[in-house]
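If you want the building blocks of each chain, they are given just below.
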Amino acid sequence: MGSGGVKDVGSKADLDDALRGAAPVIVHFWASWCAASKQMDQVFAHLAADFPHALFFRVEAEEQPEISEAYAVSAVPYFVFCKDGRTIDTLEGADPSSLANKVAKVASDSFAGSASPATSLEMADAPTETMKKLPEENGSSHNESPSSDLSDALRMRLQQLVNSHPVFLFMKGNPEQPKCRFSRTVVNILKDEGVEFGSFNILMDDEVREGMKKFSNWPTFPQLFCKGELVGGCDIAVAMHENGELKDLFREHGVPVISKETKVVDSTKTLSSDATVQERSEELSDSTGLDAALSSRLRVLINSSPVMVFMKGKPDEPKCGFSRKIIEILQQEKVAFDSFDILSDDEVRQGLKIFSNFPSYPQLYMGGELIGGSDIALEMHKSGELKKTLAEKGIISEVTPEDRLKNLITSSPVMLFMKGTPDAPRCGFSSKVVDALKKEGIDFGSFDILSNEEVRQGLKTYSNWPTYPQLYYKGELIGGCDIVLELQNSGELKSTLSE
């Protein structure tokens, strides 16, 4: 049984039985190793309490492959919304606002006579604040005891890291090579603010990675600190940057503004973020306990191909949705790769977790360096960082910024560059264009220009159009909000985007 009104699914038959009923069904696919799943699970539990007429279920994706396969789950967290025995909507990723909105819609549509609960509306309107308040509602606070089970040595080490610089960022990757778009966004914000900051790559030290979640009572990364105090994650950093509060915070704490050429200090000491797997394995050799023969074998396997995937199953027959997803990503990138089925060799399966200091599969390596799992690969693929990394390592030809913009523009017949996402627009003009497209029943792709400053600035020059949103059809610019609304009002929008 999950928390609150959430039930854990024991089998596909149990879920099928629930779907035959009249009540709407919402399913959360999660994984025990995924921090974002745990974060969203708290929101899910709140929503279950707010909508008692709907049924809320959890499915541990890797433990229930039959169900995961049936719903094409390839990343977690993943949500499926069902009504009248069929799937009517899905949501991938940790987006509390979109989850609350979608739950409210499917539940309200089924019970039109009941108003949407206030808690859920508040959650939809202010997801960041809701996530900040959840630990307090669950009986804990930042200053209470989540770190009480940390060893004194680890707590001291984490405190030293937090206090090592006036501004400090725990992130995935390093400032020069972020491994997720959320980390990249915060790095760009700090550079734009012109402050010097230190950083630590949590992918290189699982003890720090897991310890910081308890130390700060914050379940995800990146985590931004100022003068030893937690500021928050990506969403909070973006909001504070946009409304000027971050600049005020730095000023109040006496953090000097250096310049736009911000000095960055990488404080990852346990494992150098720029180290190759061979160097990393040598650094780990004293602590892993792996024998020399196994370490040598793993090193050979990792370096047997410029791009190497350790996965469950084979590329033409993946044994889990996460492995299938990473194969799809590499195929979309049109890059040659080799793979190793970790289900066929338990020594490799267990040994590589220790060798790489990465606890789950699949694991993607490029040029002998660990990139990460399916979630990191997906984030890098969407942002263009994966292609850039392949080019930097000489695996594929260098991609110019103009080529990247062309690829983005043509990635969907109708493509919208906007602030935020269609489910959670970050400006009124973007929201109006999304509403217009949805009202006309037009399928479209989108790109959040707030997530990538290079795309945001580059597209203005490429299109010779200074503002956002920007709508494209088959690679050609249609225009911004005013033009889209004019086309809608004249009845020409749908025909313009279907010629």
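Please read these numbers as outputs of a predicted model, since none were measured by experiment. (Residues numbered from 1 in each chain as written. Predicted model: local features only at pLDDT ≥ 70, side-chain atom pairs only at ≥ 80, totals over all residues. Heavy atoms only, no water.)

A word on the overall build of the chain
Logical step 1: Helices and strands together make up the secondary structure of the chain, namely 22 helices and 24 strands.
Logical step 2: Looking at the chain as shown, the accessible area adds up to about 22300 Å², and 48% of this sits on carbon and sulfur atoms. (Helix = DSSP H or I, 4+ residues; strand = E, 2+ residues; numbered from the N terminus. Areas by Shrake-Rupley, 256 points an atom, 1.4 Å probe, with all protein chains shown as cover.)

Quick word on the environment of Gln363
Logical step 1: You can see Gln363 is positioned in strand 17 (residues 363-366).
Logical step 2: Sequence separation between Gln363 and Ser323 is 40 residues; the distance between their C-alpha atoms is 8.8 Å.
Logical step 3: Each residue touching Gln363, except ones within four places of it in the same chain, is listed here: Met308, Val309, Phe310, Leu352, Lys353, Ser356, Phe358, Leu370 and Gly372.
Logical step 4: Side chain to side chain, Gln363 and Ser356 meet in a polar contact 3.1 Å long.
Logical step 5: Among the polar contacts listed, one links the side chain of Gln363 to the side chain of Tyr365, at a separation of 2.6 Å. (Contact = heavy atoms within 4.5 Å. Polar contact = N/O pair within 3.5 Å; in protein donor to acceptor, adjacent residues only side chain to side chain.)

Here we look at the pairing of strand 23 (residues 470-473)
Logical step 1: With burial as the criterion, each face of strand 23 is covered, one bearing Gln470 and Tyr472 and the other bearing Leu471 and Tyr473.
Logical step 2: Two strands pair when backbone bridges link them, and strand 19 (residues 414-418) and strand 23 are joined in this way by 4 bridges, in the antiparallel orientation. Looking across to strand 23, one finds that Phe417 is bridged to Gln470.
Logical step 3: Here 3 bridges tie strand 23 to strand 24 (residues 476-479), and the two strands are oriented antiparallel to one another. Residue pairing for strand 24: Tyr472 is matched across the bridge by Leu477.
Logical step 4: Between the antiparallel neighbours strand 23 and strand 24 lie 2 residues, among them Lys474 with a positive phi of about 50°. (Buried < 20%, exposed > 50% of the residue type's maximum accessible area, 1.4 Å probe, protein only. Pairing = 2+ DSSP bridges.)

Notes on the side chain of Ser356
Logical step 1: Tracing the backbone shows Ser356 in helix 15 (residues 346-356).
Logical step 2: In terms of polar contacts, Ser356 uses its side chain to reach the backbone carbonyl oxygen of Leu352, at 2.7 Å.
Logical step 3: Look past the residues within four positions of Ser356 in its chain and what remains in contact with it is Gln363, Tyr365 and Leu370.

A look at the pairing of strand 9 (residues 197-201)
Along a regular strand, successive side chains alternate from one face of the sheet to the other.
Logical step 1: In terms of burial, strand 9 is largely enclosed, as 5 of its 5 residues are buried.
Logical step 2: Going residue by residue along strand 9, you find Phe197, Ser199 and Asn201 tucked away on one face and Gly198 and Phe200 tucked away on the opposite face as well.

With respect to the sheet that holds strand 19
Logical step 1: Strands sit in the order 22-19-23-24 across an open sheet of 4 strands; the sheet is mixed. Strand pairing shows two members of the sheet lacking a second neighbour, strand 22 (445-448) and strand 24, which therefore form its edges. Along the sheet, successive strands turn relative to each other by an average axial angle of 25°, direction set aside.
Logical step 2: Its contacts with the sheet put helix 19 (residues 428-439) on strand 19 and strand 23, and the angle it makes with strand 19 is roughly 160°. (Axes fitted to C-alpha atoms, helices over the stretch in contact; angles between N-to-C directions.)

Let's talk about the sheet that holds strand 13 (residues 307-311)
Logical step 1: Here 4 strands make up an open sheet; going across it, the order is 16-13-17-18 and the pairing mixed. Looking at the sheet topology across the chains shown, the edges are occupied by strand 16 (338-341) and strand 18 (369-372). When the angles between neighbouring strand axes are averaged without regard to direction, this sheet yields 25°.
Logical step 2: Relative to strand 16, strand 13 runs parallel, the two sharing 4 bridges. Residue pairing in the sheet places Met311 in a bridge with Asp341 of strand 16.
Logical step 3: Against the sheet, helix 13 (residues 292-302) contacts strand 13, strand 16 and strand 17, and its axis sits at roughly 120° relative to strand 13.

Comments concerning the packing of aromatic side chains
By convention here, two paired aromatic rings are described through the distance between centres and the angle between planes.
Logical step 1: A complete count under the given rule lists 11 aromatic pairs for this structure.
Logical step 2: Three or more aromatic residues link up through ring pairs in this structure, and these residues are Phe168, Phe170, Phe200 and Phe225.
Logical step 3: The ring of Trp30 carries Arg58 above its face, with NZ or CZ at 4.5 Å from the centroid. (Phe/Tyr/Trp six-rings, centres within 6.5 Å; stacked < 30°, edge-to-face > 60°. Lys NZ or Arg CZ within 6 Å of the ring centre and 35° of its normal.)

Considerations on helix 8 (residues 181-193)
Logical step 1: The end-to-end C-alpha distance of helix 8 is 18 Å, a good match for the 18 Å that 13 residues give at a rise of 1.5 Å each.
Logical step 2: Those residues of helix 8 lying buried are Ser183, Arg184, Thr185, Val186, Val187, Ile189, Leu190 and Glu193.
Logical step 3: Immediately beyond the C-terminal end of helix 8, within one or two residues, lies Gly194, with a positive phi of roughly 75°. (Expected span 1.5 Å × (residues − 1).)

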